[in-house]
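An overview of the molecular structure
What follows is the residue order along each chain.
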Amino acid sequence: MTRRAGIIGYPVGHSLSPVFQQAAFAHSGLDVVYERWETPLPDLPARVAALRAPDVLGANVTVPHKEHVIPLLDEVGGLAARAGAVNTIVNRDGRLFGFNTDGPGFVAALRQEAFFEPGGRAFLLLGAGGAARGIALALLEARAAAVDIWNRTPERAAVLARDLGAPARALADLPPLAGYDCLVNCTTVGMKGGPDPEGLPCPLDSAGSGLLVVDIVYAPRVTPLLRAAAARGLRTLGGLPMLIYQGALAFELWTGLPAPVDVMVRAAENELARREGAAR
Ligand code: ATR
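Attention here is on the structure that accompanies the text. This structure is a prediction, so every number in the text was calculated from the model and none was measured.

How each quantity is defined
- Residues numbered from 1 in each chain as written.
- Predicted model: local features only at pLDDT ≥ 70, side-chain atom pairs only at ≥ 80, totals over all residues.
- Heavy atoms only, no water.
- Pairing = 2+ DSSP bridges.
- Helix = DSSP H or I, 4+ residues; strand = E, 2+ residues; numbered from the N terminus.
- Contact = heavy atoms within 4.5 Å.
- Axes fitted to C-alpha atoms, helices over the stretch in contact; angles between N-to-C directions.
- Near = heavy atom within 4 Å.
- Polar contact = N/O pair within 3.5 Å; in protein donor to acceptor, adjacent residues only side chain to side chain.
- Nonpolar A, V, L, I, M, F, W, Y, C, P; charged D, E, K, R; others polar.
- Core = buried A, V, L, I, M, F, W, Y, C linked by side-chain atoms within 4.5 Å.
- Buried < 20%, exposed > 50% of the residue type's maximum accessible area, 1.4 Å probe, protein only.
- Phe/Tyr/Trp six-rings, centres within 6.5 Å; stacked < 30°, edge-to-face > 60°.
- Lys NZ or Arg CZ within 6 Å of the ring centre and 35° of its normal.
- Disulfide = S-S within 2.5 Å.
- Expected span 1.5 Å × (residues − 1).
- Salt bridge = Lys/Arg side-chain N within 4 Å of Asp/Glu carboxyl O.

Pairing is mixed across the open sheet formed by 6 strands, whose spatial order is S2-S1-S3-S5-S6-S4. Each edge of the open sheet is held by one strand with a lone partner, namely strand S2 (32–38) and strand S4 (75–76). Judged from the 7 bridges that link them, strand S1 (residues 3–9) and S2 form a sheet pairing that is parallel. Within S2, the residue paired with Ala5 across the bridge is Tyr34. In this fold helix H1 (residues 17–27) packs onto S1, S2 and strand S3 (56–61), with an angle of close to 165° to the strand it touches most, S2.

Set out below in structure tokens:
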């Protein structure tokens, strides 16, 4: 029996998940088709109910449905419940389980791709949306020493820090970077098609030489922030590894098999390069 998985969101036409998940299934010798399930909000209950069919492994969930799917599921894992967001649904014998692999995917990318252990380290997060929330939670779970959050709209940072509790805290002003081990851009500044594609989410003048600069934006692969950081000789990590590792963790939840991460990275990089070439 050919089985199915897919991504639920609106829109999903540009999602990279079908590209690298299909590559992972093929590499693992699994007869699975990964589909794009574009779903306007009124269709979400029916779409999620359809995941209970015996041939469906599960789904990824993306913008704008990560919160909306929660009441439609049978069980939601602890981290997903605390994040208030589900990005992975697993169908086990007709019961639907919700997980959040975004934050754990970020931490896995830090460890595997940047060789950076978050435990005991001081982080500055820029942004206070859903992406920042998932990452901050995973960093607290990984025992980061400090998770400071700055946002253009300070009230949102304050709400997020209050929800998270210590050692997370909100900063009203951008601090000097010298006291941090890792800076993470969780805003959409620098994103292709975003509000400020050429912009920097913060200046890097005060960075110490040991700072790791992470951008969760993956299109373009080298954002203005990453370019500025590299020009200063700082270590950098782009957003693609986080995307891949959240998908790899989802693959492992669906299949019980280790995800072929290298195969997934290569498939995603080829597709991004193809798109960047096509855009020129
Ligand atoms: P997500 O769920 O992907 O994190 P979001 O909730 O829309 O998306 O959050 C986007 C983040 O980018 C927010 O932190 C937003 O700041 P505000 O809360 O002040 O809106 C930030 N952001 C978006 N455009 C920005 C800009 N031009 N300058 C600075 N921050 C910006």
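The next subject is the site of the ligand. Taken together, 13 residues lie near the ligand, and Gly130, Asn151, Arg152, Thr153 and Arg156 sit nearest. A distance of 3.0 Å separates an oxygen atom of the ligand from a polar backbone atom of Gly130. In this structure, Arg156 approaches the ligand through a side-chain N or O atom, which is 2.8 Å from an oxygen atom. In the shell around the ligand, the residues fall into 4 nonpolar, 7 polar and 2 charged.

Turning to the nonpolar core, a few remarks are in order. Phe106 and Leu139 are the most contacted members of the largest nonpolar core, which has 62 residues in total. Ranked by residue count, the leading element in this core is helix H8 (residues 240–255), at 9 residues. Once residues lying within four places of it in the same chain are set aside, the contact partners of Leu139 are Phe106, Val107, Leu110, Pro118, Phe123, Leu125, Ala144 and Val147.

Evaluation of the coordinates by the stated rule reveals 4 aromatic pairs. Ring centres of Phe25 and Trp254 lie 6.3 Å apart, and the angle between their planes is 25°; on these two criteria the pair is classed as stacked. Taken as a pair, Phe25 in helix H1 and Trp254 in helix H8 lie far apart in primary sequence, 229 residues in all. A relative accessible area of 0% places Phe25 in the buried class. Given a relative accessible area of 8%, Trp254 falls into the buried group. Site record: aromatic cluster; members linked through ring pairs are Phe25, Tyr34, Phe251 and Trp254. Directly above the aromatic system of Phe116 lies the positively charged group of Arg121, at a separation of 4.4 Å from the ring centroid.

Attention now goes to the state of the cysteines. If you walk through the whole model with that rule in mind, you get 0 disulfides. Between Cys182, a free cysteine, and Cys186, which holds the nearest cysteine sulfur, the sulfur-to-sulfur gap is 9.5 Å. For Cys182, a relative accessible area of 0% translates into the label buried. Judged by relative accessible area, which is 9%, Cys186 ranks as buried.

Moving on, we come to the environment of Gly29. Take Gly29: it is sitting in the loop between H1 and S2. By relative accessible area, Gly29 is classed as exposed at 64%. On a C-alpha basis, the gap between Gly29 and Thr187 in space is 38 Å, while along the polypeptide they are 158 residues apart.

For the rest of this paragraph, the subject is helix H4 (residues 102–113). Compared with an ideal rise of 1.5 Å per residue, which puts 12 residues at 16 Å, H4 spans 16 Å between its outermost C-alpha atoms and is within 8% of the ideal. If you check which residues of H4 are buried, you get Asp102, Gly103, Gly105, Phe106, Val107, Ala108, Ala109 and Leu110. At its buried positions, H4 is contacted by strand S7 (122–126), helix H5 (130–141), strand S10 (182–185), strand S11 (212–215), strand S12 (235–237) and H8. Phe115 sits one or two positions beyond H4 and adopts a positive phi of about 50°.

What follows deals with the pattern of salt bridges. Using the criterion set out here, one finds 13 salt bridges in the structure. One salt bridge connects Glu35 with Arg4, and the closest N-O pair in it is separated by 3.8 Å. A residue pair is termed long-range when its members are at least 10 positions apart, and Glu35 in strand S2 and Arg4 in strand S1 qualify at 31 residues. Notably, a salt bridge pairs Asp163 with Arg162, separated by 3.6 Å at the nearest N-O pair. With a relative accessible area of 40%, Asp163 lands in the partly exposed category. For Arg162, a relative accessible area of 61% gives the class exposed. Overlapping salt bridges, with partners in common, bring together Arg4, Glu35 and Asp55 in one network.

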